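Chain by chain, the residues:
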Amino acid sequence: MKREKKLWIVFALVMSISFAVLGYYGYEIYQQAPPVPKEIVTDSGKVVFSESEIKDGQNIWQSIGGQEVGSIWGHGAYVAPDWTADWLHREAVFILDIYAQKDFNKKYEELDAEKQSALKIRLQNDVRTNRYDADNGVLTISENRLAAIEYLSEYYKGLFTNDPKFDKLREEYAIPKNSITDVERMHKMNAFFFWATWATVTNRPDGDISYTHNWPSDELVGNVATTELLAWSGVSIILLILSVGILVFYHAKSGEEEEFPLPKEDPIIKQGKTKSMGLVTKYFWIVSLLMVLQMVFGIITAHYGVEGNGLYGIPIDKILPYAVTRTWHTQLAIFWIATAWLATGLYIAPAVSGKDPKFQCFGINFLFVALLIIVLGSMVGQWFGVMQKLNLVQNFWFGHQGYEYVDLGRFWQIFLLVGLFLWLALMIRPLLPVLKKKTEEKNLIILFLVSCTAIAMFYGAGLMWGRQTNLAIAEYWRWWVVHLWVEGFFEVFATVVIAFLFVRLGLLKTKTATLNVLFATIIFMAGGILGTFHHLYFSGTPTAIMALGATFSALEVVPLTLIGFEAYQNYKISKSTQWIADYKWPIYFMISVAFWNFLGAGIFGFIINPPIALYYVQGLNTTPLHGHTALFGVYGMLGIGLVLFVLRSLYRNVSWNNKLLKITFWSLNIGLFLMAILSLLPIGVWQAIESINHGMWYARSSELMQQPTMITLKWLRAIGDSIFGIGFITMAWFVFELTLKNKK
């Protein structure tokens, strides 16, 4: 107990200190976020944009899909450009041509290097000088910038409306005609695009770097990598090596756990089943259906990369544009993975106590109906939003919020939060009597309930921004949801659940499991909480964010260095006794989780985490490389493994269709690997090289992304996707076959 007590104290310290720092720098972000001017005026006093137009423009951008249509500050989708990088480069070239025509009667590109250098310095003096007056809230710009704004406003108006000159470019960007039909709306969205771009190039007050730390890279305007980027990248790598060494030494010093006799038969067979435990089966039906739906929309979304206006000649973009299919694809992934995990919790809580509290069955059924309403309602609302059938207020509440992974409207967010607290109540009620008995499992149950409480509470971070909150502040809270909620507390929940299952199977001692879970949680959260900042290097945040993000995101990788040991231990367990063979496939999915944790979350994650790396690759295909191999490879595989564990426990003495599971396991793993290696990785590396050589604008441009070799690499993804899709179908087939054939 003494060691457990020490670990609890360390856990409390890590959590309290980390969140104190996270909160303090959240306050700093509020103070130092790029200001939204009350007015943008020219030197002659002409009003160009107003504060309300910029804020409404942000909402209009969100309504058409926001970060699902290209990206802003690097966060978002990958077919269309990053609009800030695109605007910045086009503005720079336009103004340089004005200078060149006026001084030399030539285009800028026709001048010699000496003259070009002189004009670049003049341009940088114009665009990098911060002329925002904090006292009156007015931003003053030059007449040349006004000319560029007028030119680019017409350019983007033609692109987002129906100008025939942009038909080819619209197809390459997968943007349907008349994405915006109202001229006034287009004017306001251009106001937002200009403001977001202004923040990327204008120096902070009394500083020599922009609000986004000189992101995106563009040599014309002086957006180049800073000394801080290089220095903190070095610190993160050194700290990673040091921490890995310490952890490996600690692990070697502690040695392997002592052997203990394993049960001769499955202990779960002797455990009772409550009525509510059987009700989770229908949750797994929904998991299976959502998996297949996610696959379908994933195929359509990926195809938009090679045929931006339809699917093999069918003009589906008029009904299901890219912004909708990508939204549904990413959202359904979160929904089915979360449902699998939450349903596992609904099974485990009464399994520990052995009986159902009053109204437990009603609560599980009610939560199931609520889940269906949230999934279907939010999807319908997002379609209405993207199709421009809602006003800005209606869109915020019921449509598309435009923030990747948190796209659902505010009403659906609140509905989901209420559902999570209902789920929390369903977790707590069966476990309270067990806690009162002070059994050996007490500490494990407490940690389980802590993770359940955090899952319910931390989704509430998604309510911390409003309809017109400054984008830098909204990004801060959004990553609380995406990183802390999804990657943080669900990870703790999963660790505890796996320990619970192995303890229930008699494969781990309760004390050993408790100590391991506490230690793993401390190590993960020590880097994970402040590691949130690595998503915010270039999102209009203070420079200290880079130091903290670089340092602590390196620590996130440290626990993954022992993943091979974890995989080996799980493999040994799968071979330990005759009866454990029934759990072969659930355990194999745990082994695959270890593999993808190392490759997807570890290697592919760390290659984009250091500041200097992310400076050049944020928003390139290296991000979905990490996203697919980590989100599905770790959380998706784990969700499937948990589903199979629960089904094995529910359907005892039932022969499984092992052929289907074998196809499922190998199809999902091989398909995901091929998707990453044949397509996402080479495209990402190619883009990274072009980003370093030419700038972010070119790495996301149609000129690069529509080259024949690039198109071939996009098509190669179909190999992995097809194999991967087979695994989804066979998994759904297995679940329905098992549950419907064995209803009794």
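Residues numbered from 1 in each chain as written. Predicted model: local features only at pLDDT ≥ 70, side-chain atom pairs only at ≥ 80, totals over all residues. Heavy atoms only, no water.

Another aspect to go through is the overall build of the protein. The secondary structure content of the protein amounts to 26 helices and six strands. Expected size for 744 residues packed as a compact globule is a radius of gyration near 27 Å; at 27 Å, the protein falls within 12% of this value. Summarising its shape, the C-alpha atoms of the protein cover approximately 90 × 55 × 45 Å along the three principal directions. When the 744 residues of the protein are sorted by exposure, 62% land in the buried category. For the protein, the computed accessible surface area is about 28,700 Å², with 64% contributed by carbon and sulfur atoms. The average position of the 60 basic charges and that of the 57 acidic charges among the side chains of the protein differ by 14 Å. (Helix = DSSP H or I, 4+ residues; strand = E, 2+ residues; numbered from the N terminus. Rg over C-alpha atoms; globule rule 2.2 N^0.38 Å. Buried < 20%, exposed > 50% of the residue type's maximum accessible area, 1.4 Å probe, protein only. Areas by Shrake-Rupley, 256 points an atom, 1.4 Å probe, with all protein chains shown as cover. Lys, Arg positive; Asp, Glu negative; His and termini not counted. Charge placed at Lys NZ, Arg CZ, Asp CG, Glu CD.)

In this section: the side chain of His 535. As for its placement among the helices and strands, His 535 is situated in the loop between helix H17 (510-528) and helix H18 (544-557). Taking the relative accessible area as the measure of exposure, His 535 reaches 12% and is therefore buried. Aside from chain neighbours lying at most four places away, what touches His 535 is His 75, Trp 479, His 483 and Glu 487. (Contact = heavy atoms within 4.5 Å.)

Spatial strand order, S2-S1-S6-S5: four strands in an open sheet with mixed pairing. Of all the strands in the sheet, just strand S2 (47-50) and strand S5 (132-133) have a single pairing partner and so form its edges. Across two bridges, S5 lies against strand S6 (residues 138-141) in antiparallel orientation. Bridged to Asp 133 within S6 is Val 138. Its contacts with the sheet put helix H2 (residues 51-63) on strand S1 (39-42) and S2, and the angle it makes with S2 is roughly 50°. Running at roughly 90° to S2, helix H7 (residues 183-201) makes contact with S1, S2, S5 and S6 of the sheet. (Pairing = 2+ DSSP bridges. Axes fitted to C-alpha atoms, helices over the stretch in contact; angles between N-to-C directions.)

Turning next to the pairing of S1. Pairing of S1 with S2 involves three bridges; the strand directions are antiparallel. Residue Val 41 lies in a different strand from S2, and its bridge partner there is Val 47. Counted between consecutive antiparallel strands, the loop separating S1 from S2 contains four residues, among which Gly 45 sits at a positive phi close to 95°.

The end-to-end C-alpha distance of helix H11 (residues 322-353) is 47 Å, a good match for the 46 Å that 32 residues give at a rise of 1.5 Å each. Positive phi shows up at Gly 354, right after H11, with a value of about 85°. (Expected span 1.5 Å × (residues − 1).)

Once that is clear, we can look at the packing of aromatic side chains. Following the criterion strictly, the structure yields 67 aromatic pairs and no others. Their ring planes at 75° and their centres at 5.2 Å tell us that Tyr 155 and Phe 166 sit as a pair that is edge-to-face. Of this pair, Tyr 155 sits in helix H5 (residues 143-160) while Phe 166 sits in the loop between H5 and helix H6 (167-173); the two residues are 11 residues apart in sequence, bridging distant segments of the chain. With respect to class, Tyr 155 is no different from Phe 166; both count as buried. Across the ring face of Tyr 99, the terminal group of Arg 122 is positioned such that the distance to the ring centre comes to 4.7 Å. Sitting over the face of the ring of Phe 368, Lys 282 holds its NZ or CZ atom 5.7 Å from the ring centroid. (Phe/Tyr/Trp six-rings, centres within 6.5 Å; stacked < 30°, edge-to-face > 60°. Lys NZ or Arg CZ within 6 Å of the ring centre and 35° of its normal.)

All right, on to the packing of helix H16 (residues 471-504) against helix H22 (residues 622-650) then. The geometry of H16 relative to H22 is characterised by a closest axis approach of 12 Å and an angle of 30° between their N-to-C directions. Between H16 and H22, the angle falls in the class roughly parallel. For the pair H16 and H22, the sense of crossing is left-handed. Together, Val 486, Glu 487, Glu 491, Ala 494, Val 497, Ile 498, Leu 501 and Phe 502 of H16 and Tyr 635, Leu 638, Leu 642 and Phe 645 of H22 make up the contact between the two elements. Classifying every residue of the contact of H16 with H22 gives 10 nonpolar, no polar and two charged. (Parallel < 35°, antiparallel > 145°, perpendicular 65-115°, else oblique. Left-handed = near helix turned anticlockwise from the far one by under 90°. Nonpolar A, V, L, I, M, F, W, Y, C, P; charged D, E, K, R; others polar.)

The next subject is the packing of helix H15 (residues 442-458) against H17. Remark: H15 packs on H17, axes separated minimally by 9 Å, with the N-to-C direction vectors making an angle of 35°. Here H15 and H17 pass one another in a crossing that is left-handed. Residues Asn 443, Leu 444 and Leu 447 of H15 touch H17, and the partners they reach there are Ala 513, Thr 514, Val 517, Leu 518 and Thr 521. For the contact of H15 with H17, the residue count by class is five nonpolar, three polar and no charged.

Attention now moves to the pattern of salt bridges. This model, assessed by the stated rule, comprises 16 salt bridges. Residues Lys 177 and Asp 167 are paired through a salt bridge, measuring 3.9 Å at the closest nitrogen-oxygen approach. Linking Lys 177 in the loop between H6 and H7 with Asp 167 in helix H6, this pair joins segments that are 10 residues apart in sequence. The salt bridge partner of Lys 168 is Glu 172, with a shortest N-O separation of 2.4 Å. Of this pair, Lys 168 and Glu 172 both sit in helix H6, four residues apart, roughly one helical turn. (Salt bridge = Lys/Arg side-chain N within 4 Å of Asp/Glu carboxyl O.)

Now for the environment of Ala 499. Here Ala 499 shows up in helix H16. The exposure class of Ala 499 is buried, given its relative accessible area of 7%. C-alpha of Ala 499 to C-alpha of Val 517: the two residues are 18 residues apart in sequence and 7.3 Å apart in space. Look past the residues within four positions of Ala 499 in its chain and what remains in contact with it is Leu 444, Ala 513 and Val 517.

For the rest of this paragraph, the subject is a nonpolar patch on the surface. A contiguous nonpolar patch, built from Val 393, Trp 397, Phe 398, Phe 411, Ile 414 and Val 418 and spanning about 520 Å² of accessible area, is present on the exposed surface. Secondary structure elements with two or more residues in the nonpolar patch: helix H13 (392-398) and helix H14 (410-436). Structurally, Val 418 can be placed in helix H14. Residue Val 418 is classed as exposed on the basis of its relative accessible area, which comes to 52%. (Patch = residues over 30% accessible without salt bridge, like charges linked within 9 Å, V, L, I, M, F, W, Y side chains within 5 Å.)

Attention shifts here to the side chain of Gln 331. For Gln 331, the location among the structural elements is in helix H11. Owing to a relative accessible area of 6%, Gln 331 belongs among the buried residues under this scheme. A polar contact is formed between the side chain of Gln 331 and the side chain of Gln 382, at a distance of 2.5 Å. Beyond its immediate stretch of four places on either side in the chain, Gln 331 contacts Ser 378, Met 379, Gln 382, Asp 407 and Leu 408. (Polar contact = N/O pair within 3.5 Å; in protein donor to acceptor, adjacent residues only side chain to side chain.)

Turning our attention to unusual backbone geometry. In this structure, Pro 216 follows Trp 215 across a cis peptide bond, with omega equal to 5°. The topology assignment puts Pro 216 in the loop between H7 and helix H8 (227-254). The backbone of Trp 73 shows a phi angle near 55°, a positive value even though the residue is not glycine. One can find Trp 73 in the loop between strand S3 (71-72) and strand S4 (75-76). For Phe 359, which is not a glycine, the phi torsion comes out positive at approximately 70°. Structurally, Phe 359 is set in the loop between H11 and helix H12 (360-386). By relative accessible area, which is 57% here, Phe 359 ends up exposed.

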